[in-house]
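# Breakdown of the fold
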Protein chains: 2
Amino acid sequence: MIIDVKELYEKLEEKMNTEVSLQGWVRNHRKQKEFGFIDFNDGTFFKNVQIVYDNKLENFEEISKIHIGSAIEVTGMIVASPAQGQDFELQMKSYKLLGDCPEDYPIQPKRHTREFLREQAHLRPRTNLFGAVFRVRSVAAMAIHEYFQKNNYVYVHTPLLTTTDCEGENQMFKITTLDLNNLPKEDGKVDITKDLFRRQTYITGTGQLHGEAYAMSYKKIYTFGPTFRTENSNTKTHANEFWMIEPEIAFCDLDDLMNIEEDMLKSVVKYVLEKCQTEINFLDQFVEKGLKEKLTKLVNSKFTRITHHDVVDILLKSPNKWEFTPSYEDDIAKEHEKYITEYFNGPVFIYDWPKDIKAWYMKENTDGKTVAAVDLEVPGSGELMGGSQREENLDKIISRAKQMNVDQETVEWYINLRKFGGCYHSGFGMGFERLIMYLTGIENIRDVIPFPRTPGNCDF
Amino acid sequence: MIIDVKELYEKLEEKMNTEVSLQGWVRNHRKQKEFGFIDFNDGTFFKNVQIVYDNKLENFEEISKIHIGSAIEVTGMIVASPAQGQDFELQMKSYKLLGDCPEDYPIQPKRHTREFLREQAHLRPRTNLFGAVFRVRSVAAMAIHEYFQKNNYVYVHTPLLTTTDCEGENQMFKITTLDLNNLPKEDGKVDITKDLFRRQTYITGTGQLHGEAYAMSYKKIYTFGPTFRTENSNTKTHANEFWMIEPEIAFCDLDDLMNIEEDMLKSVVKYVLEKCQTEINFLDQFVEKGLKEKLTKLVNSKFTRITHHDVVDILLKSPNKWEFTPSYEDDIAKEHEKYITEYFNGPVFIYDWPKDIKAWYMKENTDGKTVAAVDLEVPGSGELMGGSQREENLDKIISRAKQMNVDQETVEWYINLRKFGGCYHSGFGMGFERLIMYLTGIENIRDVIPFPRTPGNCDF
């Protein structure tokens, strides 16, 4: 009976001094004259199993030639281990080679740079580091679904293909089924009516607008899916394809929204701390010292709430020399974000932003200068979520759409949500990779996406 | 204190004869001379709340003018209802209009055709039918995550943007950031190196190949995300954008795979039956008579397992007149699927398919004629899942890729998974919309996708 390594660790007492069979891969192999050790991992659990064998086995010579990276099935006794820091080992009785691996296998048991491992995107989850990161990613995704479903939100699959001008068409990839080398023309221009959808279609950068339609039906909804930006930007925090969570709630003002954001984030962090103890301990030790403490602290903290105006006051009063001068009319820079989260020693909601630097669908405050928008800044990672109350007044949103040059024909259905029983409502977006970077301590977005896409990089 | 309608139904005993406030929408409004009734729904629960008011309220005239579709806040006593089939009603004390709705509101309380409602995709979840369908969709998505996470699968976000030839490039949308009316040229051809990724990039039709890489690390993984096909096909079962679940399991043969498929499907159906009782009852009554019985039966049935060869035997022996003659070398037609599930009176796994009609990465059987592929056919809906054991032999998969004209350069990384500890493994794909159609009885794929995309239709 073949069991998972996870089960072996969970039921260790029961399995001790019994025979088990495992199927998995050789992470490392140290051979000596009379015996040998194999670090074995089947992917179901972060920790390896140490396999020991000796020359009493008649095929000792053959066993000692097992390559690193090979897939094997192994049978043997689980016994207490004499080695320090290890509860048990498996004494090999027999093995079967299920998949060999040549010696030029790129993932050798040594330190590889993250840059090198990015070029081995199909193999890197076999390392400790990426094994931990992508399990955290999976568990965090589940934490998000659990939170919203438990609270009776409806999960909506908003469309990715769209003709709606969501984020400005320059930021969206165009899609086509036409032959680029032989485009149909009409009056010298491309005849897009010959394309599958008969008009110019994009892959979207947000599910928010479609999400709002569903919030006007179900009260509480969330999206969780891939989004795309064409940004030609090579930084540690930008990718052209990433995942977003976009909840949208009817009868919800900015204050309610902050309550939801805070509650959700704490719930997700708590869930990951509980389910990924081994991974978080590893990441704490090798990636970000103090990670576990940082996460535990967040769960138990009360998030600060402060207006953009008051943040700028604090920044201007500070003795710091700023590269970018803080301004009541402008966005705040990375250096400001850092200062503010350190100043309050915890997560900070900054709300009521100058309207000219925010999106057209955000609700204007009575001061005529700001909108009811809120960004959540967390220590060490900067902005984690961005949200707002949405403009529910029909005339006001039409006038804002005009001011901001939104192609109104494509958003007419969205604007009309205000006409048909539209109520006050709010929503936010959380970049999922931002969250994973925060949860793992990983600093480059390329290392939290299984197969990252950045300008010039769409291999695999 | 405002509460959700769901909470009101759940804690009805406690709320009886107390005052509550609700926020939601007017589904219907029947006025009489001295009193009136409002069917009220806040989207958190399938069922309405009946609000009653009478002319003892000083703003009776105003109340009686509340429009269908409006968003209101209402306060009143929860009292036992004299009306049949209704446990309680809310006696209105006061109300607030939160969002008006004009009389040309498209969703009037009468029967609308599904065709008409497709043109109101942003409003149709406010109807009983679509309210039920899209809640089932959300709950079914959660059921899938629950199943795989409970069984220690890692959820992998495989990329949508890809240069890998997954399904044949003719079936994939091309993406570009270039201006179609002003394409950069080199020797008369489009200079694709000027595009963001510097090569021709597509949106993918499958996450399988990338999923296999992760199965070779974690043993058990699944994907769940949107996929795309350029198919120019207007049928009830085709859409250009849809969601897929693609689990992939190392050390798993075709028999194990069928066990997993069967176990998963039963688990998902059971979960939905439990969590969506009200919705399933409604769908049973108004969409597919016998739906609930069909689903309950599936949970308790044992799925038949039979080879493609033996299925053709049965078809040839049957007294039926076939439009398409059954053949040992060919795919089976819709009429055959129907016959076979009726013949066995339940779900049927058909396995060992002729290799020439199946994909290049499937494992060839020792007969040299068939591959270890399996389709699951369910009564009333036909094919629900398709899977196979994957070819793990390096030489064989290279020769199959050549035979099937796969662009090898783009799948080299995938093929090399066989080189580096590749083991026997299997996986399957389930079209999520297919599942939702099965769960709801809805017959047109356009009615189970929030904003469906089909040829010529990419509005909203």
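Let me begin by describing the structure that accompanies this report. Not measured: the values here are computed from a predicted model. (Residues numbered from 1 in each chain as written. Chains lettered and ligands numbered in written order. Predicted model: local features only at pLDDT ≥ 70, side-chain atom pairs only at ≥ 80, totals over all residues. Heavy atoms only, no water.)

## Re the packing of helix H10 (residues 308-317) of chain A against helix H11 (residues 334-343) of chain A
Residues and elements named next belong to chain A. Under the convention used in this document: In this analysis an axis means a line fitted to C-alpha atoms, helices contributing only their contacting stretch, and an angle means the value between N-to-C directions, from 0 to 180 degrees. The numbering of helices and of strands both runs from the N terminus, where a helix is a DSSP run of H or I of at least 4 residues and a strand a run of E of at least 2. Each angle gets one of four labels, with under 35 degrees taken as roughly parallel, over 145 as roughly antiparallel, 65 to 115 as roughly perpendicular, and the rest as oblique. Residues are treated as being in contact if the distance between any of their heavy atoms lies within 4.5 Å. Nonpolar residues are Ala, Val, Leu, Ile, Met, Phe, Trp, Tyr, Cys and Pro. Charged residues are Asp, Glu, Lys and Arg, and all others, Gly as well, are polar.
Contact geometry for H10 and H11: axes closest at 11 Å, N-to-C directions at 95°. Judged by the angle between their axes, H10 and H11 are roughly perpendicular. Contact residues: Val 311, Ile 314 and Leu 315 in H10; His 336, Tyr 339, Ile 340 and Tyr 343 in H11. In the contact of H10 with H11, the residues fall into six nonpolar, one polar and no charged.

## Regarding empty space enclosed by the protein
In this approach the atoms are scanned with a rolling probe the size of a water molecule, which exposes any empty space left behind. All names here are of chain A. Basically, it comes down to this: A cavity here means a set of 1 Å grid points, computed over protein atoms only, where a 1.4 Å probe fits but cannot escape. A pocket is an open set with protein on both sides within 12 Å along at least 5 of 7 lines, and lining residues have an atom within 4 Å of a point. Grid points are joined across faces, edges and corners, and a volume is the space filled by probe spheres set on the points.
Taken as a whole, this structure holds eight cavities of 30 Å³ or more when the rule is applied. Estimated volume of the largest cavity: approximately 110 Å³. Residue lining of the largest cavity: 16 residues in total, with Thr 158, Leu 160, Thr 223, Gly 225 and Pro 226 positioned closest to the centre. Split into classes, the residues belonging to the lining of the largest cavity amount to seven nonpolar, eight polar and one charged.

## Re the nonpolar core
What counts, and what does not: What is meant by a nonpolar core is a set of buried Ala, Val, Leu, Ile, Met, Phe, Trp, Tyr and Cys residues, joined one to another through side-chain atoms within 4.5 Å. A 1.4 Å probe rolled over the protein chains alone gives each residue an accessible area, and that area as a share of the maximum for its type sets the label: buried under 20%, exposed over 50%, partly exposed in between.
Core analysis: the largest hydrophobic core is formed by 210 residues, its most contacted members being Leu 265 of chain A together with Leu 265 of chain B. Not counting the four nearest positions on each side in its chain, Leu 265 of chain A is found in contact with Leu 298, Phe 303, Leu 376, Val 378, Leu 384, Met 385 and Leu 435 of chain A.

## So, the sheet that holds strand E5 (residues 88-99) of chain B
Residues and elements named next belong to chain B. Condition: Strand pairing follows a simple DSSP-based rule, namely that at least 2 bridges must link the two strands.
Reading around the barrel, the five strands line up as E1-E2-E3-E5-E4 and close back on themselves, with mixed pairing between neighbours. Each strand of the sheet is rotated relative to its neighbour by a mean of 55°, with strand direction disregarded. Bridge analysis of strand E1 (residues 19-31) against strand E4 (residues 71-80) gives seven bridges, and the strand direction is antiparallel. By the bridge assignment, Glu 19 is partnered in E4 with Met 77.

## A short note on the relation of the copies chain B and chain A
Each of the two copies of the chain can be brought onto the other by a rotation about an axis and a shift along it. This is how it is decided: When the copies are overlaid, the least-squares fit takes in C-alpha atoms only where the residue has pLDDT of at least 70 in both copies.
Once turned by 180° and shifted 0.0 Å along the axis, chain B lies on chain A with an RMSD of 0.0 Å. The transformation just described matches what one would write down for a two-fold rotation axis. Considering only C-alpha atoms, the part of chain B nearest the rotation axis is Ile 175 of chain B, at 2.2 Å. Both copies present the same face, since 100% of the interface residues in chain B are matched by interface residues at the equivalent positions in chain A.

## Notes on the interface of chain B and chain A
Heads up, the rule is: Buried area is understood as the total, over both parts, of accessible area removed when two parts are fitted together, assessed with a 1.4 Å probe. Whenever a carboxyl oxygen of Asp or Glu lies within 4 Å of a side-chain nitrogen of Lys or Arg, that contact is scored as a salt bridge. As used in this structure description, the phrase polar contact means that two N or O atoms lie within 3.5 Å; if the pair is within protein, one of them must be able to donate a hydrogen and the other to accept it, and residues adjacent in sequence are counted only when both atoms belong to side chains.
In this assembly, 109 residues from chain B lie in contact with 109 residues from chain A. Together chain B and chain A conceal approximately 9,300 Å² of surface at their shared face, both sides included; 61% is due to carbon and sulfur atoms. If you look at where chain B meets chain A, you find six salt bridges. When the shortest N-O distance is used, the salt bridge between Arg 199 of chain B and Asp 459 of chain A registers 3.0 Å. In this assembly, chain B and chain A are joined by 49 residue pairs in polar contact (both at pLDDT 80 or more). Element by element, the count of residues in the side of chain B that touches chain A is highest for helix H5 (residues 128-150) of chain B, at 12 residues. Residues that form the side of chain B that touches chain A fall into these classes: 54 nonpolar, 34 polar and 21 charged. One ladder, built from three bridges, connects strand E8 (residues 173-176) of chain A with strand E8 (residues 173-176) of chain B; its direction is antiparallel.

## A word on the pattern of salt bridges
Residues and elements named next belong to chain A. Applying the stated criterion across every chain, the model contains 53 salt bridges over all chains. Between Arg 118 and Asp 447 there is a salt bridge whose closest N-O contact spans 2.9 Å. Taken as a pair, Arg 118 in helix H4 (residues 114-118) and Asp 447 in the segment after helix H14 (432-440) lie far apart in primary sequence, 329 residues in all. Taking relative accessible area as the criterion, Arg 118 reaches 21% and is therefore assigned partly exposed. Taking relative accessible area as the criterion, Asp 447 reaches 1% and is therefore assigned buried. Glu 212 is the salt-bridge partner of Arg 390, the closest N and O atoms lying 3.8 Å from each other. Within this pair, whereas Arg 390 is found in the loop between strand E19 (382-389) and helix H12 (394-403), its partner Glu 212 is found in helix H6 (residues 208-218), the two being separated by 178 residues in sequence.

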